[in-house]
Amino acid sequence: MDGCVDDGISDYAEYEPEDDFHNSPDFQRFIRSMSKTIETSSIGLSFDFENLTYVTKKGRGKKILQGVTGTMPRGSCWGVMGGSGAGKSTFVNVLMGKLQATAGIMKINGWEKDMSKYKKLIGYVPQDDVVFSELTVRENILHSARVRLPSSWRDKAIQDHVDSLIACLQLTHVQHSRVGDARKPVISGGQRKRVNIGMELAAAPMAIFLDEPTSGLDSTSAASIMRLLRAISRLGVTTIAIIHQPREQIFYGFDQLLLLSQGQSVYSGPTENVHSYFEGLGFAFPKRANPADTLIDIITGDGAQYTVGAGKKETDVETLIDAWRAGGQYSVRNKHLSVTSLNDGSSKRSRRSSNQSLNSTVEQEQSLQRTMKARGASWPAQVFYCFKRAMTQQVRNSTSFFFEIGVGALAGVIIGLSAFASNGHLFQGIYKQPFTPLSSAVDYSSTPQLGLLGGLAIGLAASAPGFWVFGEEKQMYFRETASGHSRSAYYVGKLLSTLLRIALSSFHFTVFLGILATPLIEFQWMYVANLLYFWCVYGLASVVSMLVKRENGPLIAVLGSLIIGVLGGVAPPLRTVKSWNMEWLWRASPGVWLTEAYFTENLTPLDYLYELELAEQATGFTLRQYGLDMGMLFLIGFVYRVIAYLGLIYINRDKQR
Ligand SMILES: Nc1ncnc2c1ncn2[C@@H]1O[C@H](COP(=O)(O)OP(=O)(O)OP(=O)(O)O)[C@@H](O)[C@H]1O
């Protein structure tokens, strides 16, 4: 199978039979698939960090991490623990390259490199379940696998991989259920958490970072997640999880522990040694208590209760930090390992429980770079997957889809009714010679007013749905781009998915407006004009969705659409605007082009009868440039989308790292 090399089985063989989980055929299938996927002949990812310091940039600069030193070899399974505010998230963010360390050295496989360059090889499971609620369990995981696995993989291989992962996560029975969300849950919270983890595992990362992967899970689910993480680390995937007061079973599931307190390390090393280390400092672990709880008490400076009879006085955090530094366990000890030693099972096992990392050779680094390049679907494929996913979301959200179409139709009915009484008579001009003396009062305003009202109605109908295209799922966008998903593919896929809604909404609007107002403009030209105006309103709403908060978005999008509608050249008339030398501002708005198109197409059929030039002079509109009007509407809608795209990629850039 393309991209699925069969040379990683040695790692599978290395999997330790200590876990009863290992006997499950589903689990074995997944491990086999995973070991093929991560191409275990390569070096994997190990991290060394020396004196890692992070100071906030804003204000006076708060020191959040200070002099954190350690080493996390390939395939090690780490738990990062500490009290609230100890700096765990900051540490993991610095390690992943999401935050830039203020000082210190960060090495990947022994080389000083920017971790954000390796994002295709790492997985990050956020604490909150960032998943698509409208999609099923399987669709969420499958999308991630399709976009992030090597492009050479065939769909059958990807489906098999996902099948085994879903089975392994014990989600097979709910795989076709929608994920739902906290407001409207469909699957349980624990199952949603497993989907969250599955989305990262589907991409077969070489290192995985998890923020509280077991929080909110019952003990059985938590234990099964822990077993899975351990098994994955046995394949060479470096596993680093932030944990908060884990149960004993979970606690001992981690080979290694990094304990942080006030942004500094107070212990970093094998879990099996943590007892003796703290006992050496004069603390006694009560037999019946959960050791993780005891540790948290100690490292948050609340360890006095564990010193009874030990004669220890100092239990404050500074003493713990100093003791860790003074212990000499502070330096990074790397050594070069050859490929042969990499493939030696015993050395891997000892590496997991030791604090010894490895430096890759130039050839190994090159191989890693090649692996990285091969990962991820091609750009057109990513566009397709995003488009398909967005269409599925729309089908599942059919109520809002039909509601939008209904609102479009209703807007057409209301505007149509307002012009119904005129019976299609929306213009009265000066008759051509020789009938000029027969002319009565002119009506140059009814047609532009129809355009104006149409524009306002479209604005009201389309702004909120346009806003929600991007306004609803920023967290998912951040998550996906941080894992190497193409931003432009995401954007284009999403944009394409809106075209059908725009086409249908404008069609319904035009039909009812046309039937009731009976303007002279032919149906197809009115439809094209309305369609392109919908296009502009959706574009403007996308810009708004990049700039304002979710809760304010729809209102501001509606306000924006009112402004562009009012700049339609009706009141004040475009002629007056020209006298102020402000026509450029009106011309920058789609409203004026829409109104002008309505004006042109309603008047030109009457060219044989009226002096249209007089109407042109009186209003300031230019007749007989329908093509230009439509071109400008398209262009303005396009420019709005370019601005929205720039907003998408440049605003909150740090969250996309
Ligand atoms: N950008 C920032 N500006 C100011 N303070 C910050 C910033 N980021 C984090 N902090 C502070 O730094 C400290 C460490 O934060 P961090 O989120 O890393 O801790 P944590 O150990 O993950 O905490 P928790 O377990 O509560 O999530 C906290 O006191 C937090 O308020």
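What you see is a predicted model; the values in this text were computed from it and never measured.

Asks: Describe empty space enclosed by the protein, and please don't skip the residues or the numbers.
Replies: Here the structure, examined in full by the defined rule, presents 7 cavities of 30 Å³ or more. Estimated volume of the largest cavity: approximately 80 Å³. Ranked by the residues each element gives to the lining of the largest cavity, the list is headed by helix α4 (residues 137–148), at 4 residues. Looking at the lining of the largest cavity residue by residue, the class counts come to 3 nonpolar, 4 polar and 4 charged. Residues from two domains meet in the lining of the largest cavity; each of domain 1 (9–327 + 337–354) and domain 2 (379–656) gives at least three.

Asks: Tell me about the sheet that holds strand β2 (residues 63–72), and please be specific about residues and values.
Replies: Pairing is antiparallel across the open sheet formed by 4 strands, whose spatial order is β2-β1-β4-β5. Whereas interior strands pair on both sides, the edge strands pair on one side only; in this sheet they are β2 and β5 (111–112). Relative to β5, strand β4 (residues 103–108) runs antiparallel, the two sharing 2 bridges. Within the sheet, the bridge partner assigned to Ile 108 lies in β5 and is Trp 111.

Asks: So what's going on with the packing of aromatic side chains? Residues and values would help.
Replies: Under the definition given, this model contains 29 aromatic pairs. Here the aromatic rings of Tyr 267 and Tyr 277 are separated by 5.4 Å at their centres, their planes lie at 45 degrees, and the arrangement is tilted. With a gap of 10 residues between them, Tyr 267 in strand β10 (residues 264–270) and Tyr 277 in helix α9 (residues 274–280) connect regions that are remote in the sequence. Pair check on accessibility: Tyr 267 and Tyr 277 agree, each one buried. Plain terms: the ring middles of Phe 470 and Tyr 490 are 6.4 Å apart, the flat faces sit at 55 degrees to each other, and that makes the pair tilted. You can see Phe 470 sitting in helix α17 (residues 446–471) and its partner Tyr 490 sitting in helix α19 (residues 487–517), a full 20 residues away along the chain. Exposure remark for Phe 470: the relative accessible area of 4% places this residue in the buried category. In this structure Tyr 490 comes out as buried when scored by relative accessible area, which is 3%. One aromatic cluster in this structure is built from Phe 470, Tyr 477, Phe 478, Tyr 490, Tyr 491 and Tyr 645.

Asks: Before we move on, can you summarise the layout of surface pockets with the specific residues and values?
Replies: Size it by volume and the second largest pocket reaches roughly 240 Å³. Around the second largest pocket, the lining residues are Tyr 54, Lys 57, Lys 58, Lys 98, Leu 99, Gln 100, Asp 654 and Arg 657. Residue classes in the lining of the second largest pocket are distributed as 2 nonpolar, 1 polar and 5 charged.

Asks: Please set out the site of the ligand residue by residue, giving values where relevant.
Replies: In the region of the ligand, the neighbouring residues are Thr 56, Lys 62, Ile 64, Gly 83, Ser 84, Gly 85, Ala 86, Gly 87, Lys 88, Ser 89, Thr 90 and His 244. Between Gly 85 and the ligand, the recorded distance is 2.9 Å, taken from a backbone N or O atom to an oxygen atom. Contacts to the ligand include Gly 87, whose backbone N or O atom sits 3.0 Å from an oxygen atom. With the chains in place, 57% of the 630 Å² that the ligand exposes on its own is no longer accessible. For the shell around the ligand, the class distribution of residues is 2 nonpolar, 8 polar and 2 charged.

Asks: Provide a residue-level description of helix α6 (residues 189–201), including the pertinent values.
Replies: Between the first and last C-alpha of α6 there are 18 Å, a value that for 13 residues agrees with the 18 Å anticipated at 1.5 Å per step. Turning to α6, its buried residues are Gly 190, Gln 191, Arg 192, Lys 193, Arg 194, Val 195, Asn 196, Ile 197, Gly 198, Met 199, Glu 200 and Leu 201.

Asks: Tell me what's going on with the nonpolar core, and back it up with residues and numbers.
Replies: Within the largest apolar cluster, 72 residues are counted, with the highest numbers of intra-cluster contacts made by Phe 30, Ile 141, Val 195, Leu 201, Leu 259 and Phe 278. The leading source of residues in this core is helix α7 (residues 219–234), at 7 residues. Beyond its immediate sequence surroundings of up to four residues, Val 195 is in contact with Val 131, Val 137, Asn 140, Ile 141, Leu 171, Val 179 and Ile 187. In terms of nonpolar packing, the next biggest core, distinct from the first, is built from 61 residues, Ala 457, Ala 529, Leu 603 and Leu 648 among them.

Asks: Residues and numbers for the environment of Gly 253, please.
Replies: Here Gly 253 shows up in the loop between α8 (248–251) and β9 (256–261). In the structure, Gly 253 is positioned 24 residues away from Leu 229 in sequence and 8.8 Å away in space, judged by C-alpha atoms. In contact with Gly 253, other than residues within four places in its own chain, are Cys 77, Met 226 and Arg 230.

Asks: Describe the packing of α6 against α7, listing the residues and the values that go with them.
Replies: It is the contact of α6 with α7, at a shortest axis distance of 12 Å, that shows an interaxial angle of 10 degrees. Taken together, α6 and α7 sit at an angle that is classed as roughly parallel. Where α6 abuts α7, its residues Arg 194, Ile 197 and Leu 201 lie against Ser 221, Ile 225, Leu 228 and Ile 232. A per-class count over the contact of α6 with α7 returns 5 nonpolar, 1 polar and 1 charged.

Asks: Would you mind going over the pattern of salt bridges in detail, with residue names and values included?
Replies: When the charged atoms of two side chains lie near each other, side chains of opposite charge can form a pair. Under the definition given, this model contains 17 salt bridges. The partner of Arg 230 in a salt bridge is Asp 255, with the nearest N and O atoms 3.5 Å apart. In this pair, Arg 230 sits in helix α7 while Asp 255 sits in the loop between α8 and β9, placing the two residues 25 residues apart along the sequence. The exposure classification of Arg 230 matches that of Asp 255, with both residues buried. As a salt-bridge pair, Arg 587 and Glu 596 come within 2.8 Å of each other at their nearest N and O atoms. There is no split in this pair, since Arg 587 and Glu 596 are both buried. What emerges from the salt-bridge pattern is a single network uniting Arg 148, Glu 200 and Arg 479.

About the thresholds
Residues numbered from 1 in each chain as written. Predicted model: local features only at pLDDT ≥ 70, side-chain atom pairs only at ≥ 80, totals over all residues. Heavy atoms only, no water. 1 Å grid on protein atoms, 1.4 Å probe; cavity = no way out; pocket = protein on both sides within 12 Å on 5 of 7 lines; lining within 4 Å. Points joined across faces, edges and corners; volume = space filled by probe spheres on them. Helix = DSSP H or I, 4+ residues; strand = E, 2+ residues; numbered from the N terminus. Nonpolar A, V, L, I, M, F, W, Y, C, P; charged D, E, K, R; others polar. Domains from an automatic or database assignment. Pairing = 2+ DSSP bridges. Phe/Tyr/Trp six-rings, centres within 6.5 Å; stacked < 30°, edge-to-face > 60°. Buried < 20%, exposed > 50% of the residue type's maximum accessible area, 1.4 Å probe, protein only. Near = heavy atom within 4 Å. Polar contact = N/O pair within 3.5 Å; in protein donor to acceptor, adjacent residues only side chain to side chain. Areas by Shrake-Rupley, 256 points an atom, 1.4 Å probe, with all protein chains shown as cover. Expected span 1.5 Å × (residues − 1). Core = buried A, V, L, I, M, F, W, Y, C linked by side-chain atoms within 4.5 Å. Contact = heavy atoms within 4.5 Å. Axes fitted to C-alpha atoms, helices over the stretch in contact; angles between N-to-C directions. Parallel < 35°, antiparallel > 145°, perpendicular 65-115°, else oblique. Salt bridge = Lys/Arg side-chain N within 4 Å of Asp/Glu carboxyl O.

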